[in-house]
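Structural overview
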Amino acid sequence: MEFTIAEELAKNQKSISVAEFFEKNRQILGFDSAPRSLITTVKEAVDNALDACEEAGILPDILVQIERTGQDYVTVIIEDNGPGIIKEQIPKVFAKLLYGSRFHALKQSRGQQGIGISAAVLYSQMTAGRQTKILSKTGPGQPAHYYELMINTSTNEPDILKDEIRDWFRPHGTQIELEMKASYVKGRRQSIYEYLKATAIVNPHARITLIEPDGNEEVFERATDKMPKPAEEILPHPEGIELGTLMKMLHYTERQKLAPFLRYSFCKIGLLTAEEICKASGLDPEIDPKTLGRHEARKLIEAFEKVKIMAPPTDCLSPIGEELIYRGLEKETNVDFIATSTRKPAVYSGNPFVVEVGLAYGGNLPKEEKISIMRFANRVPLLYQQGGCVTTHAVEDVKWKQYGLNQPGGGIPVGPVILLIHVASINVPFTSESKDAIADIPVIKEEIDLAIKDVARKLKHYLSKQSNLKKRREKEIIITKVLPKMAVKVANILEKDVPDINPVVARIMGNLLVHRKVKKNEDGTADIAIKVKNFGTSSYAFRVHEMLPWKISGAKPEPKVVTLGNDYDYIWDISAAVGSSKVLSYRIEYVTDSELGKFPDLVVEGLEEELVTGAKAFKGA
């Protein structure tokens, strides 16, 4: 009996495991170069550590150690203080691709597919031929389980080479050690150091320690002890749901009637809304969902668009928040100005998302280079494919010149700016499995555009204010050079003491005048009056600090007192309307003329120095 050509060809056809597929296509997952392979490995391990710690309510303390083991090889050790992994799950978590707990969960998380860390294990065994070493402990009284694992790529199952119990000093946590062909680079944006620094900015509750191959230790301290609000799992939202997805849901539901199916399979569909959807689709609320076909499913999708359905809940998201973005940027950068913006939640294809933006300006940032764009998705830095990301496209489309930055030839503007853009969603639409760039979804781009313009307006206001302050400073320099000379000459002609010119300067400049008058009494005491007058065009709220080596008495109004060693800081909170005057008075007991001549300068906290005459001033936080 002769075989047909089709039958001969069929003999060569067989299924392949997902591990075999990624073994031959590792670049899809971000393992396409020596430096990037190391960054991807660290990224996947750190993401898992942060997710585990947050789910357990533990402030993350993560160690990343890189050791060179040859000219082209490194050993990577990542250790965390998370809740640990139970013994039975360890081999599958680290040595089975597409094994995870978050793929079907509709809530914000860093990792979802269950590919990342097992792909790093696969890359390690492919390039170094070494097993991966895992140590994990779930509690103080529990044993630490040690495994050495490899992946059987033919079956996508773990090969367990060693399974034993070891002593470990940590009360709980996980450690992974991998050797691989990779290279450690420094001094560029796409590096382990820059990745961890960016991670520290958007995860200010985490403490991350990096030990580099040369033994140098870098610690990114946490800026807050406050844990992020945990994300709650939600049901899918009907907006934007695909036809095939709805048909699958109808076919596999346990509900026997359409109305309850709608109520308990989707969020934001209650009893009345379910009835409206059934009416709009022309379907019987009592019909069995399993009997509905493609035509009826299409009617339901059309009804979803007609009926007003509330937006999905946002407790499935855990945005960073403006305060923590500010503190993160403040901790890791040295700049003059920071602005932040968090948009209200929006929806794409039924998936809620939030866009957050932080802008840092000035300081020691380069003035003649393009601004630095820091891209994040679900608190994870995106280091590659910047040009293919919707965040970059949104930045390029903004007309930055009207906000005070040069934009030669369009595109990314030039100036001393770091622009942080964070997209938080239950399903971030990445352009590929390597999760390096976010796809050009119109509604996401629009939200990014609005958030960028919000911080850009704040930057424009700051730059305009700085320009005005610069003009005031130049004007005051001229005035303070001319007026004293005039005052001295007039005083000589009239044979009188040289007057205090500060009130005149304050009036001309439209400044806040703060000056001290001292009256020595015959009994050795001294009465002090601090006079405050607002010659400006705005109301001000500020603090006046009087730092003295003496205790005072009879103060009106009563100040707050802070002890500074042998000195005292007397603090008054002041509100000064336009044109108003205030007097702060107190008495010093038994002071000499010599001591009275050594009064320190008054200090005003809360105003720029250009707006104050007669005292030192600083804006403060």
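Just above, that's the structure.
Remember, it's a predicted structure, so these values are computed and weren't measured experimentally. (Residues numbered from 1 in each chain as written. Predicted model: local features only at pLDDT ≥ 70, side-chain atom pairs only at ≥ 80, totals over all residues. Heavy atoms only, no water.)

Another aspect to go through is a nonpolar patch on the surface. A cluster of nonpolar side chains, namely Val-490, Ile-493 and Leu-494, defines an oily patch on the protein surface of about 320 Å² accessible area. Of note, Leu-494 is situated in helix 13 (residues 442-494). (Patch = residues over 30% accessible without salt bridge, like charges linked within 9 Å, V, L, I, M, F, W, Y side chains within 5 Å. Areas by Shrake-Rupley, 256 points an atom, 1.4 Å probe, with all protein chains shown as cover. Salt bridge = Lys/Arg side-chain N within 4 Å of Asp/Glu carboxyl O. Helix = DSSP H or I, 4+ residues; strand = E, 2+ residues; numbered from the N terminus.)

As a further point, take the pattern of salt bridges. Where charged atoms from two side chains of opposite charge approach closely, those side chains can pair. Taken as a whole, this structure holds 23 salt bridges when the rule is applied. The salt bridge involving Glu-447 is made with Arg-343; its shortest N-O contact spans 2.9 Å. Note that Glu-447 is positioned in helix 13 and Arg-343 in the loop between strand 9 (337-342) and strand 10 (346-348), a separation of 104 residues in sequence. Overall, Glu-447 belongs to the buried group, its relative accessible area being 10%. Salt-bridge contacts for Asp-397 lead to Lys-445; the nearest nitrogen and oxygen are separated by 2.7 Å. With Asp-397 in helix 12 (residues 390-397) and Lys-445 in helix 13, the pair connects residues that are 48 residues apart, well separated along the chain. (Buried < 20%, exposed > 50% of the residue type's maximum accessible area, 1.4 Å probe, protein only.)

Attention now moves to the side chain of His-393. Inspection of the secondary structure puts His-393 in helix 12. When sequence neighbours within four positions are dropped, the list of residues in contact with His-393 reads Gly-387, Gly-388, Asp-440 and Lys-445. (Contact = heavy atoms within 4.5 Å.)

A few words on the environment of Trp-168. Relative to the helices and strands, Trp-168 is located in the loop between strand 5 (157-166) and strand 6 (173-181). Classification of Trp-168 by relative accessible area gives buried; the value is 11%. In this view, Trp-168 contacts Glu-79, Leu-135, Ser-136, Lys-137, Ala-144, Gly-173, Thr-174 and Gln-175; residues no more than four positions away in its chain are not counted.

Here we take up helix 12. Buried residues dominate helix 12, accounting for six of its eight residues. If you check which residues of helix 12 are buried, you get Val-390, Thr-391, Thr-392, His-393, Ala-394 and Val-395.

On to the sheet that holds strand 22 (residues 603-605), then. Strand order in the open sheet formed by five strands is 19-20-17-22-24, with mixed pairing between adjacent strands. Because the sheet does not close on itself, it has two edges, and the strands there are strand 19 (560-564) and strand 24 (616-618). Within this sheet the neighbouring strands show an average axis-to-axis angle of 25°, counted without direction. Two strands pair when backbone bridges link them, and strand 22 and strand 24 are joined in this way by three bridges, in the parallel orientation. (Pairing = 2+ DSSP bridges. Axes fitted to C-alpha atoms, helices over the stretch in contact; angles between N-to-C directions.)

The next point concerns empty space enclosed by the protein. Under the definition given, this model contains two cavities of 30 Å³ or more. In this structure, the largest cavity occupies an estimated 90 Å³ of space. Residue lining of the largest cavity: 13 residues in total, with Thr-40, Lys-43, Tyr-384, Ser-434 and Asp-436 positioned closest to the centre. Where the lining of the largest cavity is concerned, the elements lending two or more residues are helix 3 (34-55) and strand 13 (380-382). For the lining of the largest cavity, the element with the most residues is helix 3, which contributes five residues. (1 Å grid on protein atoms, 1.4 Å probe; cavity = no way out; pocket = protein on both sides within 12 Å on 5 of 7 lines; lining within 4 Å. Points joined across faces, edges and corners; volume = space filled by probe spheres on them.)

Before going further, it helps to spend a moment on the packing of aromatic side chains. Applying the stated rule across the entire model yields eleven aromatic pairs. Taking 6.3 Å as the distance between ring centres and 20° as the angle between the ring planes, the aromatic pair formed by Trp-572 and Tyr-586 counts as stacked. A residue pair is termed long-range when its members are at least 10 positions apart, and Trp-572 in strand 20 (residues 567-576) and Tyr-586 in strand 21 (residues 581-588) qualify at 14 residues. Ring pairing ties together the aromatic residues Phe-261, Phe-266 and Phe-304, which thus form one cluster. When the ring centre of Tyr-384 is taken as origin, the NZ or CZ atom of Arg-36, which lies over that ring, is 4.4 Å away. Between Arg-166 and the ring centre of Tyr-146, over which it is positioned, the NZ or CZ distance is 3.6 Å. (Phe/Tyr/Trp six-rings, centres within 6.5 Å; stacked < 30°, edge-to-face > 60°. Lys NZ or Arg CZ within 6 Å of the ring centre and 35° of its normal.)

At a minimum axis separation of 8 Å, helix 9 (residues 271-281) and helix 10 (residues 294-306) run at an interaxial angle of 120°. As summarised for this structure, helix 9 and helix 10 are arranged oblique, according to the angle between their axes. Between helix 9 and helix 10 lies a crossing whose hand is right-handed. Where helix 9 abuts helix 10, its residues Ile-277, Ala-280 and Ser-281 lie against Lys-299, Leu-300, Ala-303, Phe-304 and Lys-306. Among the residues forming the contact of helix 9 with helix 10, the class breakdown is five nonpolar, one polar and two charged. (Parallel < 35°, antiparallel > 145°, perpendicular 65-115°, else oblique. Left-handed = near helix turned anticlockwise from the far one by under 90°. Nonpolar A, V, L, I, M, F, W, Y, C, P; charged D, E, K, R; others polar.)

Turning our attention to the pairing of strand 4 (residues 144-152). For strand 4, a buried count of seven out of nine residues is recorded, marking the element as mostly surrounded by other parts of the structure. Across six bridges, strand 3 (residues 132-137) lies against strand 4 in antiparallel orientation. Opposite Lys-137, over in strand 4, you have Ala-144 as the bridge partner. Remark: six residues form the turn of the hairpin made by strand 3 and strand 4, two consecutive strands paired antiparallel. The sheet contact formed by strand 4 and strand 5 spans nine bridges and is antiparallel. Bridging across to strand 5, Tyr-147 finds its partner in Asp-163.

Moving on: unusual backbone geometry. Looking along the chain, the bond that leaves Lys-556 and enters Pro-557 is cis, with omega of -10°. Here Pro-557 shows up in the loop between strand 18 (552-556) and strand 19. Located in the positive-phi region is Arg-379, a residue other than glycine, with phi close to 70°. Inspection of the secondary structure assignment puts Arg-379 in the loop between strand 12 (372-377) and strand 13.

Moving on to the nonpolar core. Core analysis: the largest hydrophobic core is formed by 43 residues, its most contacted members being Leu-38, Val-42, Val-64, Ile-66, Phe-94 and Leu-196. Considering every element that reaches this core, the biggest residue donor is helix 3, with seven residues. Not counting residues within four places of it along the chain, the set of residues in contact with Leu-196 comprises Val-42, Val-46, Val-64, Ile-208, Leu-210 and Phe-220. Within the second largest apolar cluster, 38 residues are counted, among which are Leu-359, Val-390, Ala-437 and Ile-438. (Core = buried A, V, L, I, M, F, W, Y, C linked by side-chain atoms within 4.5 Å.)

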